[in-house]
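Per-entry structural report
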Amino acid sequence: MYAEDEYLQLSGIQHYAFCKRQWGLAYIEQQWQENVRTVEGHLVHERAHDVSTEHRGDVITSRAMPVSSRALGISGECDVVEFHKETAQRDDAVFLPAYDGIYSVVPVEYKRGSPKQNEVDALQLCAQALCLEEMLSCRIDAGYLFYAQTRRRQHIEFTDELRGEVKRIFQEMHELYRRGVTPRGRRTKSCNACSLRDLCLPALEKKRDVGRYIDGEIGREEAEA
Ligand code: SF4
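Reading the values: rules and limits
- Residues numbered from 1 in each chain as written.
- Predicted model: local features only at pLDDT ≥ 70, side-chain atom pairs only at ≥ 80, totals over all residues.
- Heavy atoms only, no water.
- Helix = DSSP H or I, 4+ residues; strand = E, 2+ residues; numbered from the N terminus.
- Buried < 20%, exposed > 50% of the residue type's maximum accessible area, 1.4 Å probe, protein only.
- Contact = heavy atoms within 4.5 Å.
- Areas by Shrake-Rupley, 256 points an atom, 1.4 Å probe, with all protein chains shown as cover.
- Core = buried A, V, L, I, M, F, W, Y, C linked by side-chain atoms within 4.5 Å.
- Pairing = 2+ DSSP bridges.
- Near = heavy atom within 4 Å.
- Nonpolar A, V, L, I, M, F, W, Y, C, P; charged D, E, K, R; others polar.
- Polar contact = N/O pair within 3.5 Å; in protein donor to acceptor, adjacent residues only side chain to side chain.
- Salt bridge = Lys/Arg side-chain N within 4 Å of Asp/Glu carboxyl O.

Things to note about the overall build of the chain
Looking only at helices and strands, the chain has six helices and eight strands in total. Ordering the α and β elements of the chain from the N terminus gives β-α-α-α-β-β-β-β-β-α-β-β-α-α. Residues classed as buried in the chain amount to 41% of the 225 residues present. Put simply, 61% of the contacts in the chain that link residues at least 6 apart link residues at least 24 apart. In the structure as shown, the chain presents an accessible area of about 13300 Å², 48% of it carried by carbon and sulfur atoms.

Right, here's the structure in full:
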């Protein structure tokens, strides 16, 4: 169990999974740059956060819901949490004050663009689900990622593997954060889509040049020996 002053930002997992160095620069070194991609992301999120609660038929929709987990040591916000009224008794459902019946819990995360080939968004959604499970004492089997470009929901199942990966990543992030270590990076094609590339790449290139110089000097000394 983590103390509140040790909590990391839940949303950091998507940056960490994209590039550990990006997460370190943004969250350990507090460097951040707004670029088109992040701004577009904010606009999608603002639309998701227009209303706080809405009740339509058998679904109650809560927006911008704060969540946290002592077990994972994280806090953040869910874009949308839907509570679906159940007709039959279910052990994994929850009671809601001021509403009749029991409800299953379904997190929905809004994203710019279209579904990705990697697990980055699914990891963030699963982290939200783990927070909700801890806070509401329930079980959440699946949630949705909504993509602005396709305007479609992608069903994400919270498998044991995905849950395990979320826990492993946050443990690793806590360790790095505690030590204040920004992970090293290397140039990949992901760098083209990185909001911190103008900060990161010159520093990476410089480190590589220094590394090359040291290697060269050692090689020269060995040759002369
Ligand atoms: S520029 Fe590349 S290595 Fe640097 S933080 Fe971004 S993705 Fe990571």
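Comments concerning the nonpolar core
Counting residues in each nonpolar core, the largest one holds 48 residues, and the members touching the most others are Phe 83 and Val 166. Considering every element that reaches this core, the biggest residue donor is helix α4 (residues 120-136), with nine residues. Not counting residues within four places of it along the chain, the set of residues in contact with Val 166 comprises Ile 13, Leu 72, Leu 123, Cys 126, Ala 127 and Leu 130.

So, unusual backbone geometry
Within the chain, Ala 98 stands out as a residue other than glycine whose phi angle is a positive 80°. Relative to the helices and strands, Ala 98 resides in the loop between β5 (94-95) and β6 (102-111).

Examining the pairing of β6
Burial analysis of β6 places ten of its ten residues in the buried class, the great majority of the element. On β6, burial covers both faces: Ile 102, Ser 104, Val 106, Val 108 and Tyr 110 on one face and Tyr 103, Val 105, Pro 107, Glu 109 and Lys 111 on the other are all buried. As defined by bridge partners, strand β4 (residues 74-86) adjoins β6 across seven bridges and the pair is classed as antiparallel. Its bridge partner being in β6, Glu 86 is matched across the sheet by Ile 102. Sheet topology places β5 next to β6; two bridges connect them, and they run antiparallel.

Observations concerning the site of the ligand
Inspection of the region around the ligand gives Phe 18, Cys 19, Gln 22, Arg 186, Cys 191, Cys 194, Arg 197, Cys 200, Leu 201 and Leu 204 as its neighbouring residues. Per element, the largest residue contribution to the shell around the ligand is four residues, and it comes from helix α6 (residues 197-224). Each residue belonging to the shell around the ligand can be placed in one class, and the counts come to seven nonpolar, one polar and two charged.

With respect to the environment of Met 135
One can find Met 135 in helix α4. Sequence separation between Met 135 and Ser 69 is 66 residues, and the spatial gap between their C-alpha atoms is 7.3 Å.

Observations regarding the side chain of Arg 163
One can find Arg 163 in helix α5 (residues 160-179). A distance of 2.9 Å separates the side chain of Arg 163 from the side chain of Glu 133, its partner in a polar contact. Not counting chain neighbours up to four residues away, the residues in contact with Arg 163 comprise Cys 126, Leu 130, Glu 133, Arg 139, Ile 140 and Phe 158.

A few points about the pattern of salt bridges
Taken as a whole and assessed by the stated rule, the structure comprises 14 salt bridges. Taking the shortest distance from any N to any O, the salt bridge between Asp 121 and Lys 116 comes out at 2.6 Å. Residue classification places Lys 116 among the partly exposed residues on the basis of a relative accessible area of 37%. Put simply, Arg 163 and Glu 133 hold a salt bridge, and the shortest N to O gap is 2.9 Å. Here Glu 133 lies in helix α4 and Arg 163 lies in helix α5, a separation of 30 residues in the sequence.

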